[in-house]
Amino acid sequence: MLSPDALKQIDREVAKYPADQARSAVMGALRIAQTELGWLSTETIEFVANYLGIPPVAAYEVATFYNMYDLKPVGKYKITVCTNLPCALGGGVDCADYLKHKLGIGFGETTPDGKFTLVEGECMGACGDAPVLLVNNHSMCSFMSHEAIDKKLAELK
Amino acid sequence: MAVFTQGVIFEGVDTSDPNCWTLDAYVKRGGYEALKRILQQGISQDDVIAEVKGSSLRGRGGAGFPTGLKWSFMPRNFPGDKYLVCNTDEGEPGTFKDRDILRFNPHSLIEGMIIAGYAMGVKRAYNYIHGEIFEDYVLFERALDEARAAGFLGENILGTSFTFDLFAHHGYGAYICGEETALLESLEGKKGQPRFKPPFPASFGLYGKPTTINNTESFASVPFIIRDGGQKFLEAGKPNNGGTKLFSVSGHVNRPGNYEIPLGTPFSVLLEMAGGMKNGKKLKAVIPGGSSAPVLPGDIMMDCTMDYDSISKAGSMLGSGAVIVMNEDICMVKALERLAYFYHEESCGQCTPCREGTGWLYRVIHRIEHGQGRPDDLDLLTSVGNNMAGRTICALADAAVFPVRSFTKHFRHEFEYHIEHKKCLVEHKWC
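Here the structure is a predicted model, which is why all the values come from computation and not from measurement.

Calculation rules
Residues numbered from 1 in each chain as written. Chains lettered and ligands numbered in written order. Predicted model: local features only at pLDDT ≥ 70, side-chain atom pairs only at ≥ 80, totals over all residues. Heavy atoms only, no water. Patch = residues over 30% accessible without salt bridge, like charges linked within 9 Å, V, L, I, M, F, W, Y side chains within 5 Å. Areas by Shrake-Rupley, 256 points an atom, 1.4 Å probe, with all protein chains shown as cover. Salt bridge = Lys/Arg side-chain N within 4 Å of Asp/Glu carboxyl O. Helix = DSSP H or I, 4+ residues; strand = E, 2+ residues; numbered from the N terminus. Buried < 20%, exposed > 50% of the residue type's maximum accessible area, 1.4 Å probe, protein only. Contact = heavy atoms within 4.5 Å. Polar contact = N/O pair within 3.5 Å; in protein donor to acceptor, adjacent residues only side chain to side chain. Core = buried A, V, L, I, M, F, W, Y, C linked by side-chain atoms within 4.5 Å. Domains from an automatic or database assignment. Buried area = accessible area lost by both parts, 1.4 Å probe. Nonpolar A, V, L, I, M, F, W, Y, C, P; charged D, E, K, R; others polar. Pairing = 2+ DSSP bridges. Axes fitted to C-alpha atoms, helices over the stretch in contact; angles between N-to-C directions.

(A) Structural context of a nonpolar patch on the surface. Together, B:Phe65, B:Leu69 and B:Phe73 line one region of the surface with nonpolar side chains, adding up to about 270 Å² of accessible area. Turning to its location among the elements, B:Leu69 is positioned in helix α4 (residues 67–72).

Quick look at the structure:
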């Protein structure tokens, strides 16, 4: 289900923890699986659990608890915008409105071509860079003025 | 974004240099000298802890607990494994200081953790990093590789019998994991739901073993304390409030960013450093210590100095040092609605008063904001809050209640106006 490279990355996670504590690697392993497959299906979660030798439910409860795991398919690019108070004061709400207008979708929706999903996020710990957004969970974009958003969307082919 | 410093962690760090994070750059700034001195001169564990105690360093994560005292709680002769954990799960709205330590000066954290490991007789440590800053997690892992290759991590460090290793653990989006026992659960690969205390982590922590957890900025302050002395660190701040501190300034200022300044600096000076109020607007309110800290009206804030004691005397908390600045265009009902939504979204659901109470707070504030407030809604908010605060396993419920109490106390007329007139008292503009 996962590529040899992804499995190697999971092995590296497992090695960080004491030999009898492979469960600690479940967060990293789920992240690696999601990065490769785009989202986490029940089958993927089960595969990860079996690979680590933990009960599938233990992996499933982690996948459902942390909000960066996607348990449903998302667009090719998932854009998460922070609209928490400090970001709102720095233009976060305006940035979200502009993205909704540009993409023609609301929060929690995906464009009909399957390219973009827009998500409202909570504090990303980068309030001084407001407005901030996150592309596919891992790439943070700072100071997202309208022009910067236009440029970013054009880059996401 | 640069860090504006008059302090100990970022002294000499040129944040515009893309290589300022590297081992080479850190060593050129005097990095790892403190660790070398400890190991080469055989300074005792007790002396290291005494130096940290003498510095009056107080935990930089929000609680302000004396770091040296916390270290002394660790059972040093415990026969089995013990752990050291760094809390870089920085998700308190307004706080973005630890991210800059990871990005620009990660080795100060690594060296601080190695010294802490030495002082407490710990061999294995983890740094739990906030989910949304993946790129900084990757960079931190590169810094760990550098430290390992240079012999600062691993077995027989610098040719001594001291062995210590440090690994990075990446979170994936849960505010609650900033709570130390939730963080430990998460590190064990579970849902991040806080544990009952006692037992405290010093006796029952990670994998049930004695564990000490400190904030990123606390650890990163340690190399200076050992190299230049606890007394010098203390003198950089004021009595009982040792050292310099990073303040994350966000909101309606011209230059949002991190400011590392002596504890005790007047707020007015910090505001000026941050470029003053954006567009020359009037200061209305400040949340001085992250979103969980009670809000203070601008005029009260202008009389405060930035240290634990002064902010506490004014009725709030220094917390994580996140200073959220709001101007006169902000409707305080709308601002509070946004915070209430956050706590509702992030409650872990374990304790009923918090799981249900945060929803009640949000829904009542939401209806006031949207012109459907009822005359007794402010009493209802007080009553719900009283049934939450102090009645749950962790402090998230309290953190959700503090903003509600303080907003409705200091800006009560805006809430009353909203309920009566079904609209904002001010013409609200976010920015």
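(B) How the structure looks around the environment of B:Asp89. Residue and element names in this part refer to chain B. Structurally, Asp-89 can be placed in the loop between β2 (83–88) and α5 (97–104). On the basis of relative accessible area, Asp-89 is assigned to the buried category, the value being 7%. Beyond its immediate sequence surroundings of up to four residues, Asp-89 is in contact with Tyr-128, His-130, Gly-131, Ala-174, Tyr-175, Cys-177, Gly-178 and Leu-183. Here the side chain of Asp-89 touches His-130 through a polar contact of 2.9 Å, side chain to side chain.

(C) Quick look at the nonpolar core. One finds A:Leu30, A:Tyr66, B:Ile176, B:Ile287, B:Met326 and B:Phe407 to be the most contacted residues of the largest nonpolar core, which totals 85 residues. Considering each element in turn, this core owes the most residues, eight residues, to helix α14 (residues 332–346) of chain B. Leave out the neighbours within four places in its chain, and B:Ile176 touches A:Phe65, B:Ala182, B:Gly192, B:Pro194, B:Glu346, B:Cys348, B:Cys394 and B:Leu396. Counting residues in each nonpolar core, the second largest holds 68 residues, with A:Val132, B:Tyr32, B:Val48 and B:Ile225 among its members.

(D) A look at the domain arrangement of chain B. All names here are of chain B. The domains assigned to chain B are domain 1 (4–236), domain 2 (244–327) and domain 3 (332–421). Centre-to-centre, using C-alpha coordinates, domain 1 lies 35 Å away from domain 3. Every contact between the two is made by twelve residues of domain 1 and, on the other side, nine residues of domain 3. In total, domain 1 and domain 3 occlude about 880 Å² of area from one another, counting both sides; carbon and sulfur atoms represent 71% of this. When the area that domain 1 buries against domain 3 is broken down by residue, the three leading residues are Tyr-175, Gln-193 and Pro-194, summing to 53%. At the boundary of domain 1 with domain 3, the tally comes to zero salt bridges. Our count for the domain 1 to domain 3 interface comes out at three residue pairs in polar contact (both at pLDDT 80 or more). Considering only residue class, the side of domain 1 that touches domain 3 consists of six nonpolar, three polar and three charged.

(E) Layout of the sheet that holds strand β7 (residues 257–262) of chain B. Residue and element names in this part refer to chain B. Strand order in this open sheet of six strands is β1-β7-β6-β12-β9-β10, and the pairing throughout is mixed. Bordering the open sheet on either side are β1 (3–5) and β10 (296–297), each of which pairs with just one other strand. Relative to the sheet, α5 contacts β1, β6 (244–251) and β7, its axis offset from that of β6 by approximately 115 degrees.

(F) Main features of the interface of chain A and chain B. At the junction of the two partners, chain A supplies 44 residues and chain B supplies 60 residues. A buried area of about 4,200 Å², summed over both sides, lies between chain A and chain B, and 58% of it is on carbon and sulfur atoms. The partner of A:Glu120 in a salt bridge is B:Arg338, with the nearest N and O atoms 4.0 Å apart. Taken together, chain A and chain B are joined by 23 residue pairs in polar contact (both at pLDDT 80 or more). Listing elements by their share of the side of chain A that touches chain B, those giving two or more residues are α2 (26–37), α4 (56–65), α5 (85–89), β3 (116–121) and β5 (139–141) of chain A. Of the residues belonging to the side of chain A that touches chain B, the class tally is 21 nonpolar, 15 polar and eight charged.

(G) Structural detail: the environment of A:Glu109. All names here are of chain A. Topologically, Glu-109 is positioned in strand β2 (residues 109–110). As for Glu-109 and Gly-75, which are separated by 34 residues in sequence, their C-alpha atoms are 9.0 Å apart. Residues contacting Glu-109, with those up to four places away along its chain left out, are Phe-116, Thr-117 and Leu-118. At a separation of 2.8 Å, a polar atom in the side chain of Glu-109 contacts the main-chain amide nitrogen of Gly-106.

(H) Structural view of the side chain of A:Ser24. Along the chain, the position of A:Ser24 falls in the loop between α1 (4–14) and α2. With residues up to four places along the chain from it excluded, the contact list for A:Ser24 reads A:Tyr17, B:His169, B:Leu187, B:Glu188, B:Gly189 and B:Tyr207.

(I) View of the pattern of salt bridges. Enumeration according to the criterion identifies 35 salt bridges over all chains in this entry. The residue A:Asp150 makes a salt bridge to A:Lys102 at a minimum N-O spacing of 3.1 Å. Remark: A:Lys102 occurs in helix α6 (residues 92–103) and A:Asp150 occurs in helix α7 (residues 146–155); sequence separation between them is 48 residues. When the shortest N-O distance is used, the salt bridge between B:Arg99 and A:Asp129 registers 3.1 Å. Within this pair, whereas B:Arg99 is found in helix α5, its partner A:Asp129 is found in the loop between β3 and β4 (133–135), the two belonging to separate chains.

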